Amino acid sequence: SLDLCIVTWTVLVCTWAPGNALRGPDGMTSFHETLSLLKEEQMSIYYAFVVSIIAYFGSSCCLLWVYPSGLITNLIGTSVLLLALVVLLRFLFSLEHQVGMFGNSHDDDGRIKNLRPFERVGDLDERAANE
């Protein structure tokens, strides 16, 4: 169910953000507000994804013990799943270390600095529609 939330949040953000960035009522201000929101949502969605991976492995280990099978089979299956989880998390943290810890590899805010003079320009279509 956590993965369903992640997919829903991602689809919502991917659908809403381009429209607000390109056709927002406040021009470049809408664009920059959209970038800020995307930056905030990116980390929460990413953390939810990592938690969902860990929860998946945990539920798989629980399923091994729920269904009737031998003790040795359950121990071997749990050991293999835990080993796979450790390898996956090690790979994940290795990638995070190379890219920048949890996506914070740079301090840039994503704004297009050459367009700062136009931040106060509103949407011309909305202005024409309101007159």
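Within each chain, residue numbers correspond to sequence positions counted from 1 in written order. Selection of residues for local features in this predicted model requires a pLDDT of at least 70, selection of side-chain atom pairs for listing and counting requires 80 or more, and totals for whole chains, interfaces and linings are taken over all residues. Excluded from the side-chain calculation are hydrogens and water; included are all heavy atoms of the structure.

Caption draft 1: Main features of the nonpolar core. Throughout this description, the term nonpolar core refers to a set of buried Ala, Val, Leu, Ile, Met, Phe, Trp, Tyr and Cys residues connected via side-chain atoms within 4.5 Å. With a 1.4 Å probe rolled over the protein chains alone, any residue whose accessible area is under 20% of its type maximum counts as buried; one over 50% counts as exposed, and the rest are partly exposed. Judged by nonpolar contacts, Met43, Tyr46, Val50, Phe57, Leu85, Leu89 and Leu92 together constitute the single largest core of 7 residues. Contributing elements (two or more residues each) for this core: α2 (28-66) and α3 (71-99). Here this core takes 4 residues from α2, the largest share from any one element. Starting at the N terminus, helices and strands are each numbered in turn, a helix being any DSSP run of H or I of at least four residues and a strand any DSSP run of E of at least two.

Caption draft 2: Up close: helix α1 (residues 2-23). Taking 1.5 Å of rise per residue, 22 residues should cover 32 Å, and α1 covers 31 Å from first to last C-alpha, within 8% of that figure. Residues of α1 that are buried include every one of Ile6, Val13, Ala17, Gly19, Asn20 and Ala21, and no others. Packed against the buried residues of α1 are α2. Expected span of a helix, by definition, is 1.5 Å for each gap between consecutive residues, and there is one gap fewer than residues. Every residue pair with non-hydrogen atoms within 4.5 Å of one another is taken to be in contact.

Caption draft 3: View of the environment of Ser69. Along the chain, Ser69 falls in the loop between α2 and α3. A residue is classified by how much of its surface remains accessible, and Ser69, at 42% relative accessible area, is partly exposed. Beyond its immediate sequence surroundings of up to four residues, Ser69 is in contact with Leu64 and Asn74. In protein, a polar contact requires one atom able to donate a hydrogen and another able to accept it; more generally it is a pair of N or O atoms within 3.5 Å, and residues adjacent in sequence count only if both atoms are side-chain atoms. There is a polar contact of 2.6 Å between the side chain of Ser69 and the side chain of Asn74.

Caption draft 4: Looking closely at a nonpolar patch on the surface. Nonpolar side chains collect at one region of the surface, where Trp65, Leu71, Ile72, Leu75, Ile76 and Val80 lie side by side and expose about 610 Å² of accessible area between them. Here the nonpolar patch gets 5 residues from one element, more than from any other, and that element is α3. Turning to its location among the elements, Ile72 is positioned in helix α3. Like-charged residues are merged into a patch within 9 Å and nonpolar side chains (Val, Leu, Ile, Met, Phe, Trp, Tyr) within 5 Å, provided each residue has over 30% relative accessible area and no salt bridge. A 1.4 Å probe and the Shrake-Rupley method give the accessible areas. Residues count as covered only by the protein chains that appear here. We count a salt bridge whenever a side-chain nitrogen from Lys or Arg sits within 4 Å of a carboxyl oxygen from Asp or Glu.

Caption draft 5: Region of the structure containing the packing of aromatic side chains. In this analysis, rings of Phe, Tyr and Trp, with Trp reduced to its six-membered ring, are considered paired at centre separations within 6.5 Å, and the interplanar angle assigns stacked below 30 degrees, edge-to-face beyond 60, and tilted for intermediate values. Enumeration according to the criterion identifies 2 aromatic pairs in this entry. Arranged with centres 6.2 Å apart and planes meeting at 55°, the rings of Tyr46 and Tyr47 form a pair that is tilted.

Caption draft 6: Quick look at the packing of α1 against α2. Running from amino to carboxyl end, α1 crosses α2 at an angle of 170°, the nearest separation of the two axes being 10 Å. In terms of orientation, α1 lies roughly antiparallel with respect to α2. Handedness of the α1/α2 crossing: left-handed. Residues Leu2, Asp3, Ile6, Trp9, Thr10, Val13, Trp16, Ala17, Asn20 and Ala21 of α1 touch α2, and the partners they reach there are Ser30, Phe31, Thr34, Leu37, Leu38, Ile45, Ala48, Phe49, Val51 and Ser52. Tallied by class, the residues present in the contact of α1 with α2 amount to 14 nonpolar, 5 polar and 1 charged. Under this scheme, a helix contributes an axis fitted over its contacting stretch, all axes are lines through C-alpha atoms, and angles between N-to-C directions fall in the 0 to 180 degree range. Angle categories are assigned with fixed cut-offs, so that under 35 degrees is roughly parallel, over 145 is roughly antiparallel, 65 to 115 is roughly perpendicular, and the rest are oblique. Whether a crossing is left-handed or right-handed is set by the direction in which the near helix is turned from the far one by less than a right angle, anticlockwise for left-handed and clockwise for right-handed. Three categories are distinguished: nonpolar for Ala, Val, Leu, Ile, Met, Phe, Trp, Tyr, Cys and Pro, charged for Asp, Glu, Lys and Arg, and polar for the others, with Gly belonging to the last.

Caption draft 7: Broad picture of the confidence of the model for the chain. The quantity known as pLDDT measures the predictor's confidence residue by residue, on a range of 0 to 100. The predicted model of the chain has a mean per-residue pLDDT of 80, with 79% of residues at 70 or higher. For the chain, the element scoring lowest by mean pLDDT is helix α4 (residues 124-130), at 69; α3 scores highest, at 88.

Caption draft 8: Fine view of the side chain of Thr78. Considering the arrangement of structural elements, one finds Thr78 in helix α3. Leaving out residues up to four positions away in the same chain, Thr78 has contacts with Cys61, Leu64 and Trp65.

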